Amino acid sequence: MDGTTPPPAAAPLIVIRDVSRRYLRGVDEIHALEHVSLTIPAGHFVALMGPSGSGKSTLLNLVSGIDRPSGGEVLVAGQRLNDLSEDELARWRARHVGLIFQFFNLIPVLSARDNVGLPLLLTALDKAERLRRAETALRVVGLEGRLDHYPRTLSGGEQQRVAIARAIVTDPDLIVADEPTGDLDARNAEATLDLLRQLKQHFGKTIVMVTHDPRGLRFVDEAYHLDKGVLLTGEEALRAGEAIRLAAGGTGAPR
Ligand SMILES: Nc1ncnc2c1ncn2[C@@H]1O[C@H](COP(=O)(O)OP(=O)(O)OP(=O)(O)O)[C@@H](O)[C@H]1O
Ligand SMILES: [Mg+2]
């Protein structure tokens, strides 16, 4: 390099190009997303925000290959998801995406270790290796002392950490989280956001999180705002971010 070449921008992990998603409800067509374009670099932690019904979960489902767009294209890790069949999408998801939900979605009759090992059942790994990897993932989230605990014997914050361990056990490029702090108290919400940020910092994960939580703004690299299926840009996006910061008491700090 001659010293004048700018450093290369981080390669995008996710490219969403002119994406629309319409649903038919009876005779009505619902425009859940309208011409959304968005590029998310690898290794970024990104928040999707907006009022209820604005299309956040719809967009997350497209990015994670749970759903396909009605128009436009979705590329993740170099793969154009539009082109994949249901089966191919399921296989692609199992290798590339870790999912985290608001209500943890743990299996009550399985221990923390067995819950975390579940996604590995889709791989060719033997049982000993599956358990070893589940234990490693639980260590990453700070739950090495809870391997044999059942979900009902764990606090909400601990259950969400088990769910995060389950999301990372396959070592996915992308973690998507739909309102991961929605069912947690302030302390556990902070701890969860901090843990997600650590997964970005220490393991280079790309994280897309839907959230209503103003605290989230302090942990993410970028926040995007949806309103009625449209991605806000420019002044409108700035105003939406400012409104969330004000609602949180001025700084986005916990109340
Ligand atoms: N499977 C579906 N069939 C029909 N309509 C749907 C479907 N999924 C979502 N919608 C509609 O699409 C719009 C966007 O829904 P979406 O779930 O993406 O909103 P959201 O921003 O995640 O809201 P919330 O904050 O309440 O979770 C809503 O009007 C919703 O009713
Ligand atoms: Mg939603």
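Shown above is the structure to which this text applies.
Residues numbered from 1 in each chain as written. Chains lettered and ligands numbered in written order. Predicted model: local features only at pLDDT ≥ 70, side-chain atom pairs only at ≥ 80, totals over all residues.

A. Molecular detail of the sheet that holds strand E1 (residues 12-25). Sheet architecture is open: four strands sit in the order E2-E1-E4-E5, paired in antiparallel fashion. With partners counted over all chains shown, the strands left at the sheet margins are strand E2 (28-41) and strand E5 (79-80), one partner each. Of the pairings in the sheet, the one linking E1 to strand E4 (residues 71-76) comprises five bridges and is antiparallel in character. Residue pairing in the sheet places Ile 14 in a bridge with Val 76 of E4. (Pairing = 2+ DSSP bridges. Helix = DSSP H or I, 4+ residues; strand = E, 2+ residues; numbered from the N terminus.)

B. Seen up close, the sheet that holds strand E7 (residues 174-178). In spatial order, the strands read E6-E7-E8-E3-E9-E10; together these six strands make up an open sheet with mixed pairing. Of all strands in the sheet, those with a lone pairing partner are strand E6 (97-100) and strand E10 (230-231), marking the two edges. Note that strand E9 (residues 222-227) and E10 share two bridges and pair antiparallel. Counted as the bridge partner of Leu 226 is Leu 231 from E10.

C. The site of ligand 1, seen in detail. Residues in contact with ligand 1, as listed here, are Tyr 23, Arg 25, Ile 30, Ala 32, Gly 50, Ser 52, Gly 53, Ser 54, Gly 55, Lys 56, Ser 57 and Thr 58. When contributions to the shell around ligand 1 are tallied by element, the ones reaching two or more residues are E1, E2 and helix H1 (56-63). Of the residues assigned to the shell around ligand 1, the class counts are three nonpolar, seven polar and two charged. (Near = placed C-beta within 6 Å. Nonpolar A, V, L, I, M, F, W, Y, C, P; charged D, E, K, R; others polar.)

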